[in-house]
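Observations on the three-dimensional arrangement
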Amino acid sequence: FSLPFASLGPSTCRFDAMFATKSCAMTMHVDRNFCQKDRRVPLASQTIDWKKKLAKGAASLAVAGVLLATPWDADATVNLLKPDEVALYQEKLQGNQTKLYPDEQETIRIFNDATTSVVFITNLSSRRDYFTLDMTEVPQGSGSGFVWDQQGHVVTNFHVVKGASDLRVTLGSQSTYPARVVGFDEDKDIAVVEIKAKPEETLRAIPLGSSDKLLVGQTVYAIGNPFGLDHTLTRGVISGLQREIVSGNTGRPIRGIIQTDASINPGNSGGPLLDSNGNLIGMNTAILSPSGSSAGVGFAIPVDTINTTVNQLLKYGRIVRPQLGIAIAPDQTVRRVGKRGVLVLQVPPGSPAAAAGLQPTRRNSYGEIVFGDIITQVEGQRVEGMNDLYRVLDDCKVGQQINLKVFRDGEGEVTVPITLGAYVRQFD
């Protein structure tokens, strides 16, 4: 075929190309004697670089000729490509139209490896029909979890399984099994459930990382089942470390919390938070949002806390914590009388507090309320409210003797030595 090559400038050129399918042989005839506008000006006086222009034109027309020739020969086309273009061209021939960047490939690898360990948990409760009086199981909530070991133990949030009369766990293979609660720590919002999987079912425990050396800015991945959507991945960074949130179950503080901007929504609770190696560094547990949906402020319980709690639950089936053995008043009660500290309301007989001589709140012979001891310091650490008290006790051990500084009515500040007892919380 013959084409006018207008891009060459004011000159008129005719470019004849004859193509063969296999060899792509070309025959070119170019009229380069005169200019179009001024026949007196020889072509050699023009500033156009003819060799480069013609080389580009020849290459373009050669590709066009190969593609338009019948039958089309892929080998001839490959011969015209640059070496770095050959691999991409061959991928397209094989039907792979998407070229993934290395970070995308790594994200896909992490997701594919982790989804086999992530489960979907359904919380069912029994309710009686008002008219027929029949008992029926109604979904009370749902959440996520992850396989802890090959014995069928699954870790999730306590609030996911709280109040359940029946639990169902759906694995990555879409197999569903009934589950029972092995134990829980409602203060830390951690629970362990167990399933009896079929022998042919392969349970893959999620690989554990460490939360001790995390840094703000690290890339993290959250996997879960938000709004019941199966295995959803979100990506973000660690926004903050050593945060403190209040347990929605008991009101006690949970320390060392990881803050992330990875999207966490209802249904993500109990799902894993992974680092860029695919290792578990936390468990998604709460969000800070006025709407109830993700606002870019999510919180995860660190894996070191999870590891300690789960191992204790698997070994003993319960959580043992140090305690004073007292009932305390809300912080607002103490502040109303212009004091700071923790007010002792009751001291049960036989408790560590009773043995140490702590005074409860009581009424005198005239019916007037007499405040009990107000704890202001524990082991030299200032206590202004119940969260401060819980925080200090978390660092103590059962059987340890500590010194309390209390404000006692009529006596002022008094130092009281006390030996901590054991608080046992077992699932029932």
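Residues numbered from 1 in each chain as written. Predicted model: local features only at pLDDT ≥ 70, side-chain atom pairs only at ≥ 80, totals over all residues. Heavy atoms only, no water.

**Concerning the overall build of the protein**
The test is simple: Labels follow the DSSP assignment, with helices taken as runs of H or I lasting at least four residues and strands as runs of E lasting at least two, numbered in each case from the N terminus. Buried means the residue's accessible area, taken with a 1.4 Å probe over protein chains only, is under 20% of the maximum for its type, while exposed means over 50%, and partly exposed covers the values in between. What makes two residues a contact is simply this: any of their non-hydrogen atoms within 4.5 Å. Reported accessibility uses the Shrake-Rupley method at a 1.4 Å probe radius. Residues are deemed covered only where the shown protein chains occlude them.
Per the secondary structure count, the protein includes 9 helices and 24 strands. When burial is assessed residue by residue, the protein has 41% of its 428 residues classed as buried. Restricting to contacts in the protein with at least 6 residues of sequence separation, those with at least 24 account for 58%. Entry remark: accessible area of the protein is about 23,500 Å², with carbon and sulfur atoms responsible for 51%.

**With respect to the nonpolar core**
Put simply, the rule reads: Joining through side-chain atoms within 4.5 Å is the link that ties buried Ala, Val, Leu, Ile, Met, Phe, Trp, Tyr and Cys residues into a set, and such a set is a nonpolar core.
Counting residues in hydrophobic clusters, the biggest one holds 25 residues, and the most contacted among them are F146, V155, I190, L274, M283, I306 and V310. A per-element tally of this core places helix α6 (residues 303-316) first, with 4 residues. Apart from residues no more than four positions distant in its own chain, I190 is found in contact with V155, T156, F158, F184, D185, M283, I301, T305, I306, T309 and V310. I375, L404, V414 and V416 belong to the second-largest nonpolar core, a separate cluster that totals 20 residues.

**What to know about α6**
Rules: Helix span, expected: 1.5 Å multiplied by one less than the number of residues in the helix.
The end-to-end C-alpha distance of α6 is 20 Å, a good match for the 20 Å that 14 residues give at a rise of 1.5 Å each. Here the buried face of α6 lies against β5 (153-156), β7 (176-185), β8 (190-195), β13 (280-287), β14 (298-302) and β15 (318-323). G317 occupies a position one or two residues after α6 and carries a positive phi of about 75°.

**Some details on the packing of aromatic side chains**
In plain terms, the rule: In this scheme Phe, Tyr and Trp rings, the latter by its six-membered ring, pair at centre separations within 6.5 Å, and the angle between planes marks the pair as stacked below 30 degrees, edge-to-face above 60, and tilted otherwise. Charge over a ring is defined by NZ of Lys or CZ of Arg lying within 6 Å of the ring centre and within 35 degrees of the ring normal.
In total, this model carries 1 aromatic pair according to the counting rule given. Across from the ring centre of F407, 3.9 Å away, lies the NZ or CZ of K339, which sits over that ring.

**Some details on unusual backbone geometry**
A negative phi holds for most residues other than glycine; trans holds for most peptide bonds. You will see that Q174, though not glycine, has its phi angle at about 75°, which is positive. With respect to the helices, strands and loops of the structure, Q174 is situated in the loop between β6 (166-170) and β7. One non-glycine residue, E379, lies in the positive phi region at around 55°. Along the chain, E379 turns up in the loop between β20 (374-378) and β21 (381-382). Judged by relative accessible area, which is 39%, E379 ranks as partly exposed.

**Details of the sheet that holds β13**
One key point about sheets: their strands pair by backbone hydrogen bonds, in either a parallel or an antiparallel sense. Cut-off, in case you're wondering: When DSSP finds two or more bridges between a pair of strands, those strands are recorded as paired. Axes here refer to lines fitted to C-alpha atoms; in helices the fit is confined to the stretch in contact. Angles between the N-to-C directions go from 0 to 180 degrees.
Read once around its circumference, the closed barrel built from 6 strands follows the order β9-β10-β11-β14-β13-β12, with strand pairing classed as antiparallel. Between one strand and the next, the sheet's axes are offset by a mean angle of 50°, whatever the strand orientation. Direction of pairing for strand β10 (residues 232-246) relative to strand β11 (residues 253-260): antiparallel, over a ladder of 5 bridges. For G240, the partnering residue across the bridge sits in β11 and is Q259. Against the sheet, α6 engages β13 and β14, with an angle of about 45° to β14. Strand contacts of helix α9 (residues 386-394): β10 and β11, with the helix running at about 90° to β11, the strand carrying the most contacts.

**Some thoughts on the pairing of β7**
Of all 10 residues in β7, 7 are buried; the element is thus mostly enclosed. Across 4 bridges, β6 lies against β7 in antiparallel orientation. Across the sheet, residue R168 finds its bridge partner in β7, namely P178. Where β6 folds back onto β7 in an antiparallel hairpin, the turn is made up of 5 residues, including Q174, whose phi is positive at roughly 75°. Sheet topology note: the β7/β8 ladder contains 6 bridges and is antiparallel. Bridging from a neighbouring strand, D185 pairs with I190 of β8.

**Focus: the pattern of salt bridges**
For clarity, the cut-off: The working definition used for a salt bridge is a side-chain nitrogen of Lys or Arg within 4 Å of a carboxyl oxygen of Asp or Glu.
All chains considered together, the criterion is met by 15 salt bridges. Linking E194 and K196 is a salt bridge whose minimum nitrogen-to-oxygen distance equals 3.5 Å. Owing to a relative accessible area of 12%, E194 belongs among the buried residues under this scheme. Ionic pairing is found between D395 and R255, a salt bridge with its closest N-O pair at 2.9 Å. Highlighted residues: D395 in the loop between α9 and β22 (401-408) and R255 in strand β11, separated in sequence by 140 residues. One network of salt bridges, in which partners are shared, links D185, D187, K188, R252, R321 and D394.

**As for the side chain of D373**
Where we set the bar: Pairs of N or O atoms are called polar contacts if they sit within 3.5 Å, as long as, within protein, a hydrogen donor faces a hydrogen acceptor (for residues adjacent in sequence, only side-chain-to-side-chain pairs).
Within the secondary structure, D373 is located in the loop between β19 (369-370) and β20. Judged by relative accessible area, D373 falls into the buried class, the value being 0%. One polar contact links the side chain of D373 to the main-chain amide nitrogen of Q359, over a distance of 2.8 Å. Looking at D373, its side chain comes within polar contact range of the side chain of R408, at 2.8 Å. With near-sequence residues (within four places) excluded, D373 lies in contact with V342, L343, V344, G357, L358, Q359, V406, F407 and R408.

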